Amino acid sequence: MCNLENLYFLSPQHCRKARRHIVGNNISYRETYYLHDWKTPYVINEDVEIIRTPGHTPDCVSIIVKRSNLGAKVAITGDLFEKEEDIVDDSFWRDAGSYNEDVQRWNRAEVASTADVIIPGHGPAFAVTEEMRRELKRQVHNNSAESGEKL
């Protein structure tokens, strides 16, 4: 489940009975297929939702677990974050390829602004610190200033 653009969600309570398959805007549930516009999160239950986080690919999504056994808000991000080290050295995620670096940079800052723990695509889970949040916001701001965009 590397970049989470092709995502299966299994509910622990229902395991084989409640399987959803998410690919881009397409969601299937058993024999029912429908589109989700991603203007709002796709809610699995009161603790788990899927949000659109394009950047690495145009169809990437992240899983947000509001209450977890870690006692924290967890974001399972796939390749939005390659690993913890890519916060200070953006070459890790940029060299892995990005559909849109500006969008990925912005989504990284947004996810980190509310997550307590991030589970990246290619590394162990890590706690998000205020210093990390500031660095990711700085990267968005500096990139916007360089390109002349307004925040």
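To be clear, the structure that these remarks concern was listed above.
Residues numbered from 1 in each chain as written. Predicted model: local features only at pLDDT ≥ 70, side-chain atom pairs only at ≥ 80, totals over all residues. Heavy atoms only, no water.

**As for the overall build of the protein chain**
Next, step 1: Regarding its fold elements, the protein chain presents 3 helices and 10 strands.
Next, step 2: Classification of the 151 residues of the protein chain by burial places 42% in the buried group.
Next, step 3: Taking as baseline every contact in the protein chain between residues at least 6 positions apart, the subset at least 24 positions apart corresponds to 43%.
Next, step 4: In the structure as shown, the protein chain presents an accessible area of about 8800 Å², 49% of it carried by carbon and sulfur atoms. (Helix = DSSP H or I, 4+ residues; strand = E, 2+ residues; numbered from the N terminus. Buried < 20%, exposed > 50% of the residue type's maximum accessible area, 1.4 Å probe, protein only. Contact = heavy atoms within 4.5 Å. Areas by Shrake-Rupley, 256 points an atom, 1.4 Å probe, with all protein chains shown as cover.)

**Topic: the sheet that holds strand 9 (residues 117-120)**
Next, step 1: With mixed pairing, the 6 strands of this open sheet are ordered in space as 5-6-7-8-9-10. Of all the strands in the sheet, the pair left with one neighbour each is strand 5 (42-45) and strand 10 (126-127).
Next, step 2: Across 4 bridges, the pairing between strand 8 (residues 74-78) and strand 9 is parallel. Pairing of glycine 78 across the sheet is with proline 120, part of strand 9. (Pairing = 2+ DSSP bridges.)

**Describing the pattern of salt bridges**
Next, step 1: Counted according to the given criterion, the structure contains 10 salt bridges.
Next, step 2: Note that aspartate 47 is salt-bridged to arginine 67, the shortest N-O span being 2.6 Å. You can see aspartate 47 sitting in the loop between strand 5 and strand 6 (48-52) and its partner arginine 67 sitting in the loop between strand 7 (61-65) and strand 8, a full 20 residues away along the chain.
Next, step 3: Through salt bridges with shared partners, a single ionic network connects Asp90, Arg94, Glu101, Asp102 and Arg105. (Salt bridge = Lys/Arg side-chain N within 4 Å of Asp/Glu carboxyl O.)

**Some thoughts on the environment of alanine 96**
Next, step 1: Inspection of the secondary structure assignment puts alanine 96 in the loop between helix 1 (91-95) and helix 2 (101-114).
Next, step 2: Sequence-wise, alanine 96 and aspartate 79 are 17 residues apart; in three dimensions their C-alpha atoms are separated by 8.7 Å.
Next, step 3: Among all residues touching alanine 96, those that are not within four sequence positions of it are His56, Glu82 and Ser91.

**Examining the packing of aromatic side chains**
Next, step 1: One pass over the full model with this rule turns up 2 aromatic pairs.
Next, step 2: Measuring from centroid to centroid gives 6.5 Å for tyrosine 34 and tyrosine 42, while their planes differ by 40 degrees, and the two rings are tilted.
Next, step 3: Taking the centre distance of 6.3 Å and the plane angle of 70 degrees together, the rings of phenylalanine 81 and phenylalanine 126 count as edge-to-face. Placement of the pair is phenylalanine 81 in the loop between strand 8 and helix 1 and phenylalanine 126 in strand 10, with a sequence separation of 45 residues.
Next, step 4: Residue classification places phenylalanine 81 among the buried positions, given a relative accessible area of 0%. (Phe/Tyr/Trp six-rings, centres within 6.5 Å; stacked < 30°, edge-to-face > 60°.)

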